[in-house]
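# Coordinate analysis (summary)
Residues per chain are reported as follows:
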Amino acid sequence: MNVSTLNGENCSGCGLCAAVCPKNAVRMENKNFFLYPEIDAEKCIDCGICFDKCPHNSFKRQENSEKEVYSAWLKDENLVSQSSSGGLFFAFAKSILEKGGKVCGSVYDDDFCGAKHILSGDISDIMKMRTSKYVQSKTEGVFGEIKKALCENKPVLFTGTPCQAAAVKNFVGENENLYFVTLICHGPTSDKALKAYVSDLEKRENSKITGFNMRKKLKKWLPMYIEASFENGNVKTEPLHLSTFGRIFQSNILMRDSCYECGYKDFPLIGDVIIGDYKGIENITENYNKMGTSCVIVCTEKGKKLFESVSEQIDFQKQEIDAVIKYNQRLTKPVSKPDQKIYEKFVSVFENEGVSAAADFIKPNKSFFQKVLGKIFK
Ligand SMILES: Cc1cc2nc3c(=O)[nH]c(=O)nc-3n(C[C@H](O)[C@H](O)[C@H](O)COP(=O)(O)OP(=O)(O)OC[C@H]3O[C@@H](n4cnc5c(N)ncnc54)[C@H](O)[C@@H]3O)c2cc1C
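Residues numbered from 1 in each chain as written. Predicted model: local features only at pLDDT ≥ 70, side-chain atom pairs only at ≥ 80, totals over all residues. Heavy atoms only, no water.

### Brief notes about the domain arrangement of the chain
As a reminder of what qualifies: In this document the domain limits rely on a domain assignment from an automatic tool or a database. In what follows, residue pairs with any heavy atoms lying within 4.5 Å of each other are defined as contacts. A simple way to read buried area is as the amount of 1.4 Å-probe accessible surface that goes missing from two parts once joined, with both sides added. Basic side-chain nitrogens of Lys or Arg form a salt bridge, by our definition, when they fall within 4 Å of a carboxyl oxygen of Asp or Glu. Residue classes follow a fixed rule: Ala, Val, Leu, Ile, Met, Phe, Trp, Tyr, Cys and Pro count as nonpolar, while Asp, Glu, Lys and Arg count as charged, and any other residue, Gly among them, counts as polar.
Structurally, the chain comprises domain 1 (3-58), domain 2 (68-187 + 262-320) and domain 3 (191-254 + 339-377). Between domain 2 and domain 3, the contact holds 26 residues from the first and 21 residues from the second. At the boundary of domain 2 with domain 3, total buried surface from both sides reaches about 1900 Å², with 63% on carbon and sulfur atoms. Broken down residue by residue, the surface that domain 2 buries against domain 3 is led by Phe-112, Cys-113 and Tyr-134, which jointly contribute 37%. Counting across the domain 2 and domain 3 interface gives two salt bridges. Among the salt bridges present, the one from Lys-138 reaches Asp-191, with a minimum N-O distance of 4.0 Å. Of the residues contributing to the side of domain 2 that touches domain 3, the split by class is nine nonpolar, twelve polar and five charged.

As structure tokens, then:
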């Protein structure tokens, strides 16, 4: 029995099966826009470890009793403007570094065509982990590194999606030095869409991208902007929701099957602390930061200690969990799966006509209509 017997629809691509295989018989391969395990039948000894450790088969949620909810943001406005929402991730990460620990979070690949998790105790890497990369972050290599750091008695903070946290928990087991700060998650998009978008930008600019951010804040928190810096010195920004990548991401068309049926939502939540954008905060209070306010849900005693360790650096207010659920459905429910025929048509347009045509097909933007109207008037 190995993970190949699992229905692919259940695979979250966490990569734990590859990490636990004693014979290196499992590799994560790109299939249908995402990574899935491929078993090398010659190397596989049928030990069943990959199947047993797979979070879909064996992850058990723990009841958590503390459920304190806060709206919060860093007092340092510069740091808020460089984070997705209120910058709480940065505060937690710095607190772990100050204890001599390491942080595992997501950074862009060197070519900005994807993202990967790394483990680091270096503040310059923590800076790169800031902001959401709305593609699936690869985990190759990090499970072993986390275990090694814990064996050296270093505190480790893992940040990522709840399915990734479930995989790390299954790999390490209980460990008092391991902290989890997980994200309220809408579900990442395929990095193929990002790769095609980056390639389009580079062609248009005739220059390589040297910096990229899909949660750039201009004068305020929202709308979100994509900002790309180029080797030639130019910097281009466009609203995420009008960009080809953003329209594909926000239409939910190119997500893993497992995300539409996400088994890691709702209560008990997975993580010591859960962070997200504080959606709807403007309807609850006037006391929020217009450059970014994080929603913070403290779920465990460990999470409470972590929150207390950053309390001097943040402004925060107690809130009610019901309001979070009301305005941020992704805490409790996955996004809906698009119609299969529309998905197939989208894939055909994406593969034959490119990312821009695919985005126009799934979510035409204003400028697309303007283009059509322009043609009619001409
Ligand atoms: C794919 C995705 C979907 C999300 N959907 C929602 C949502 O529906 N509702 C909501 O309220 N919030 C959502 N978030 C979280 C939100 O965008 C912010 O990350 C969150 O508000 C924390 O903001 P911050 O300012 O504290 O930290 P940030 O500066 O945003 O810190 C970013 C943290 O997210 C991690 N991260 C970044 N990209 C990825 C990735 N691709 N995979 C795993 N971890 C990653 C980094 O390691 C770091 O820990 C989503 C994030 C991602 C990555």
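### Re the pairing of strand E9 (residues 209-216)
To keep it simple, the criterion reads: Accessible area is worked out with a 1.4 Å probe on protein chains only. A residue is then buried under 20% of its type maximum, exposed over 50%, and partly exposed in between. Only DSSP runs of H or I reaching four residues or more are called helices, and only runs of E reaching two or more are called strands; each is numbered from the N terminus. For two strands to count as paired, DSSP must find a minimum of two bridges between them.
For E9, the tally of buried residues reaches six of eight residues, placing the bulk of the element in the interior. In terms of strand pairing, E9 meets strand E10 (residues 225-230) through five bridges, oriented antiparallel. Within E10, the residue paired with Phe-212 across the bridge is Ala-228.

### With respect to unusual backbone geometry
Residue Pro-223 is bonded to the preceding Leu-222 through a cis peptide linkage, with omega at 0 degrees. Position of Pro-223 among the secondary structure elements: in the loop between E9 and E10. Phe-267 connects to Pro-268 through a cis peptide bond whose omega is -5 degrees. Looking at where Pro-268 falls in the secondary structure, it is placed in the loop between helix H11 (257-260) and strand E12 (273-277). For Asn-24, which is not glycine, the phi torsion reads 55 degrees and is therefore positive. Summarising the element assignment, Asn-24 is placed in the loop between helix H1 (16-20) and strand E1 (26-31). One non-glycine residue, Asn-32, lies in the positive phi region at around 50 degrees. Within the secondary structure, Asn-32 is located in the loop between E1 and strand E2 (34-39).

### With respect to the packing of aromatic side chains
Stated precisely, the cut-off is as follows: Any Phe, Tyr or Trp ring, taking Trp's six-membered ring, that has another such ring centre within 6.5 Å forms a pair; planes under 30 degrees apart are called stacked, those over 60 apart edge-to-face, and the others tilted.
A full pass over the atoms with the stated rule returns 14 aromatic pairs. Pairing Phe-33 with Phe-350 gives two aromatic rings, centres 5.7 Å apart and planes at 70 degrees, and the pair type is edge-to-face. One end of the pair, Phe-33, is in the loop between E1 and E2; the other, Phe-350, is in helix H14 (residues 340-353), and 317 residues separate them in sequence. Per residue, the accessibility class of Phe-33 equals that of Phe-350, and both read buried. Both rings, one in Phe-245 and one in Phe-249, keep their centres 6.4 Å apart while their planes meet at 5 degrees; by these two values the pair is stacked. Placement of both Phe-245 and Phe-249 in helix H10 (residues 244-250) is noted, with a separation of four residues, approximately one turn of the helix. In terms of burial, Phe-245 and Phe-249 fall into one category: buried.

### A short note on the layout of surface pockets
Note the following rule: In this analysis, the protein atoms alone were mapped onto a 1 Å grid. Cavities are point sets where a 1.4 Å probe fits without being able to get out; pockets are open sets with protein on both sides within 12 Å along at least five of seven lines; lining residues have an atom within 4 Å of a point. Grid points are joined across faces, edges and corners, and a volume is the space filled by probe spheres set on the points.
As a volume, the second largest pocket reaches approximately 450 Å³. Lining the second largest pocket are 19 residues, with Ala-18, Val-26, Met-28, Glu-140 and Gly-141 positioned closest to its centre. For the lining of the second largest pocket, the secondary-structure elements that each account for two or more residues are H1, E1, strand E6 (137-138) and helix H7 (142-151). Taken together, the residues of the lining of the second largest pocket break down into eight nonpolar, eight polar and three charged. Lining the lining of the second largest pocket are residues from two domains, each supplying at least three of them: domain 1 (3-58) and domain 2 (68-187 + 262-320).

### Observations regarding the nonpolar core
Stated formally: To qualify as a nonpolar core, a set must consist of buried Ala, Val, Leu, Ile, Met, Phe, Trp, Tyr and Cys residues joined through side-chain atoms within 4.5 Å.
Core analysis: the biggest nonpolar cluster contains 35 residues, and Leu-194, Ile-209, Phe-212, Met-214, Phe-245, Ile-248 and Phe-346 have the highest contact counts within it. Every element with two or more residues in this core is listed here: E2, helix H9 (191-205), E9, E10, H10, H14 and helix H15 (355-362). Counting residues per element, this core draws most heavily on H9, at five residues. Here Met-214 is in contact with Tyr-108, Ser-132, Lys-133, Tyr-134, Leu-194, Met-224, Tyr-225, Ile-226, Leu-240 and Phe-245, once residues within four sequence places are set aside. If you look at the next biggest cluster of nonpolar residues, it comprises 31 residues, including Ala-72, Val-107, Ile-118 and Val-273.

### So, helix H8 (residues 162-172)
Where burial is concerned, most of H8 is hidden: ten out of the eleven residues are buried. Turning to H8, its buried residues are Pro-162, Cys-163, Gln-164, Ala-165, Ala-166, Ala-167, Val-168, Asn-170, Phe-171 and Val-172. The first or second residue beyond H8 is Gly-173, which carries a positive phi of 80 degrees.

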